[in-house]
Amino acid sequence: MSKLVYLDNASTTKMRPEVLEAMMPYLTDEFGNPSSIYPLGQRASDAVAEARETIAAILGASAKEIYFTSGGTEADNWALKGAAHANAAKGKHIITSAIEHHAVLHVCQALEKEGFEVTYLPVDEGGLVSPQDFAEAIRPDTILASVMFANNEIGTIEPIKELAAIAHEHGIIFHTDAVQAFCHEDINVKELGVDMLSASAHKLYGPKGVGLLYIKKGVKVDNLLDGGQQERGRRATTENVAGIVGFAKAAELAIAEREAEHDRQEKLRDHAIERILAEIPHAKLNGAPSPRLANNINFSFEFIEGEGMLLQLAARGICTSSGSACTSGSLDPSHVLLAIGLPHEIAHGSLRVTLGRDTTEEDVDFAIDSLKTTLENLRSMSPLYEDFKRTGEGSIIAKMKAEGFPYAS
């Protein structure tokens, strides 16, 4: 392996040195418990309060509306279970989308076992939820809706502001999982009109094991953990002071660079997409080109198996994935790719590349050159590809393209 090219930033990011530096005092000499009344504890309490103010300002929220969690999954669980249970007397119907992260989908499935009913909205071929479909799914007993800000696999950015407005017309609580978008996209909770929002530090060059849930003042949500007065009595456990400080520092740095870095990654993304569509046959871009996360590239390639592609790229020092890191061990095709209309055969040959602040054009070109070689190797061993070359028949992507399915080469 001659070099390492990390292109899996949607899975996790490398912690910035400035973040570690901010955290170190609270991992060493400033080790106090924020609930303690002596100065050592109060300095820790002040650090948590300052971090809360920093993040609240970024979101356009009040500090009292920010609750720290162990990550995005916990925040999603708290939002959905807490709101569902707290409002069950009003109804037991929930609306979400078919392409949510499993931290939302599996919670919805768990709530169904408790007697709640869930509508899973379809998406179009680009991965977008239709506001009309959302409005038509609302019932008199609908109490909660959750639609992600941006999809973690295909990068599609959803019309959250419009969806939240529709929800509020019917008195429905609206949550968005913004784990992939926080500090990468322009997000203001008041302008969006959301009632709850989840985010995680390790997606923006902060530490793992810390996240947040924004809960709008007045929204009825059950406590997550009982047992103490931490997080204003709603999540009782000793605060992860170092992690919280690191989260705020990472967010502060990301916001300062957001516009310039967004534009830079968007140009790299479009360069990669153009090269792949122009130079690699039997390839299909997954997700709409716009609106899309600036760092997200997701393709399906015909006549190959995705696992072999990932392993060969890894052998060349290129870190990529086939979809969500939380399902990377599964042999089942991505539920997101199936939801946008891909057949199983195409969904199995998917590749997700997610750029980061350290990614260069040289890295992108090296990865694409390696991908071309990898696909040539894999297809040379494919009986299906040999049959296609001999007969000119059997290409699912060619058929999809002929039928008007977009973004295919």
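Right above here is the structure, for reference.
Note that the structure is predicted; figures quoted are calculated from it, not measured.

Student: Would you mind going over the sheet that holds strand β2 (residues 66-69) with me for this structure?
Tutor: The strands making up a sheet associate through backbone hydrogen bonding, with each pair oriented either parallel or antiparallel. Taken in spatial order, the seven strands line up as β2-β8-β7-β6-β5-β3-β4 in an open sheet, and their pairing is mixed. The sheet is open, and its two edges are formed by β2 and β4 (117-121), each paired on a single side. In this sheet, neighbouring strand axes are inclined to one another by 20° on average, regardless of whether the strands run parallel or antiparallel. Across four bridges, strand β3 (residues 93-97) lies against strand β5 (residues 142-146) in parallel orientation. From the neighbouring strand, Ile 94 faces β5, where its bridge partner is Leu 144.

Student: For this particular structure, what's the right way to read the packing of aromatic side chains?
Tutor: In this description, a pair of aromatic rings is defined by centroid distance and the angle of the planes. One pass over the structure, following the stated rule, counts eight aromatic pairs. Measuring from centroid to centroid gives 5.6 Å for Tyr 67 and Trp 78, while their planes differ by 70°, and the two rings are edge-to-face. In this pair, Tyr 67 is assigned in strand β2 and Trp 78 in helix α3 (residues 72-86), connecting sequence segments 11 residues apart. An identical accessibility class is assigned to Tyr 67 and Trp 78; each is buried. Between Phe 299 and Phe 301 the ring centres are 5.8 Å apart and the planes differ by 15°, which places this aromatic pair in the stacked class. Of the two residues, Phe 299 and Phe 301, neither departs from the other in class, the shared state being buried. In textbook terms, an aromatic cluster arises when at least three aromatic residues are bridged by ring pairs, as seen for Phe 68, Phe 182 and Phe 247. Directly above the aromatic system of Phe 366 lies the positively charged group of Lys 3, at a separation of 4.9 Å from the ring centroid. If you follow Arg 232 out to its NZ or CZ, it ends over the ring of Tyr 67, 4.2 Å from the centre.

Student: Would you take a moment to explain a negative patch on the surface for this structure?
Tutor: There is a patch of like negative charges on the surface, built from Asp 186, Glu 191, Glu 259 and Asp 263. The exposure class assigned to Glu 191 is exposed, which follows from its relative accessible area of 56%.

Student: Which parts of the structure should I look at to understand the nonpolar core?
Tutor: Buried together is how nonpolar side chains tend to be arranged in soluble globular proteins. Counting residues in each nonpolar core, the largest one holds 70 residues, and the members touching the most others are Ile 55, Leu 59, Phe 134, Phe 174, Phe 182, Leu 197 and Leu 212. Here the element with the most residues in this core is helix α8 (residues 241-279); it accounts for 10 residues. Residue contacts for Ile 55: discarding those within four places in its chain leaves Ile 66, Phe 68, Phe 182, Leu 212, Phe 247, Ala 248 and Ala 251. With 26 residues, the next largest nonpolar core counts Leu 268, Phe 301, Ile 318 and Leu 378 among its residues.

Student: Sorry, what's going on with the pairing of strand β8 (residues 211-215) here?
Tutor: Counting buried positions along β8 yields five of five residues, so the element is predominantly enclosed. Both faces of β8 are covered, namely the face carrying Gly 211, Leu 213 and Ile 215 and the face carrying Leu 212 and Tyr 214. Pairing of β2 with β8 involves four bridges; the strand directions are antiparallel. Pairing of Thr 69 across the sheet is with Gly 211, part of β8. In the sheet, strand β7 (residues 196-200) pairs with β8 via five bridges, with the strands oriented antiparallel. Its bridge partner lying in β8, Ser 198 is registered against Leu 213.

Student: In this structure, what is going on with α3? I would like to understand it.
Tutor: Residues spaced three or four apart along an α-helix point in a common direction, a consequence of the helix completing one turn every 3.6 residues. If you check α3, its first and last C-alpha atoms are 21 Å apart, about what 15 residues at 1.5 Å a residue would give, namely 21 Å. Buried residues dominate α3, accounting for 11 of its 15 residues. For α3, the complete set of buried residues consists of Gly 72, Glu 74, Ala 75, Asp 76, Trp 78, Ala 79, Leu 80, Gly 82, Ala 83, Ala 84 and Ala 86.

Student: Hey, could you run me through unusual backbone geometry in this one?
Tutor: With the exception of glycine, most residues fall at negative phi, and the peptide bonds are largely trans. That bond from Ser 290 to Pro 291 is cis: its omega, -5°, falls within 30 degrees of zero. Here Pro 291 is to be found in the loop between β9 (283-285) and β10 (296-301). A positive phi angle, close to 75°, is found at Cys 183, a residue other than glycine. With respect to the helices, strands and loops of the structure, Cys 183 is situated in the loop between β6 (173-177) and α7 (189-192). Unlike most non-glycine residues, His 282 shows phi in positive territory, near 55°. Accessibility expressed as a relative area gives 13% for His 282, which makes it buried.

Student: I tried to follow the environment of Asn 87 on my own but got confused; where do I start?
Tutor: Relative to the helices and strands, Asn 87 resides in the loop between α3 and β3. Along the backbone, Asn 87 and Ser 370 are 283 residues apart, and their C-alpha atoms lie at a distance of 52 Å. Non-local contacts of Asn 87, meaning those with residues more than four positions away in its chain, are made with Ile 143, Ile 173 and Lys 220.

How each quantity is defined
- Residues numbered from 1 in each chain as written.
- Predicted model: local features only at pLDDT ≥ 70, side-chain atom pairs only at ≥ 80, totals over all residues.
- Heavy atoms only, no water.
- Pairing = 2+ DSSP bridges.
- Helix = DSSP H or I, 4+ residues; strand = E, 2+ residues; numbered from the N terminus.
- Axes fitted to C-alpha atoms, helices over the stretch in contact; angles between N-to-C directions.
- Phe/Tyr/Trp six-rings, centres within 6.5 Å; stacked < 30°, edge-to-face > 60°.
- Buried < 20%, exposed > 50% of the residue type's maximum accessible area, 1.4 Å probe, protein only.
- Lys NZ or Arg CZ within 6 Å of the ring centre and 35° of its normal.
- Patch = residues over 30% accessible without salt bridge, like charges linked within 9 Å, V, L, I, M, F, W, Y side chains within 5 Å.
- Areas by Shrake-Rupley, 256 points an atom, 1.4 Å probe, with all protein chains shown as cover.
- Salt bridge = Lys/Arg side-chain N within 4 Å of Asp/Glu carboxyl O.
- Lys, Arg positive; Asp, Glu negative; His and termini not counted.
- Charge placed at Lys NZ, Arg CZ, Asp CG, Glu CD.
- Core = buried A, V, L, I, M, F, W, Y, C linked by side-chain atoms within 4.5 Å.
- Contact = heavy atoms within 4.5 Å.
- Expected span 1.5 Å × (residues − 1).

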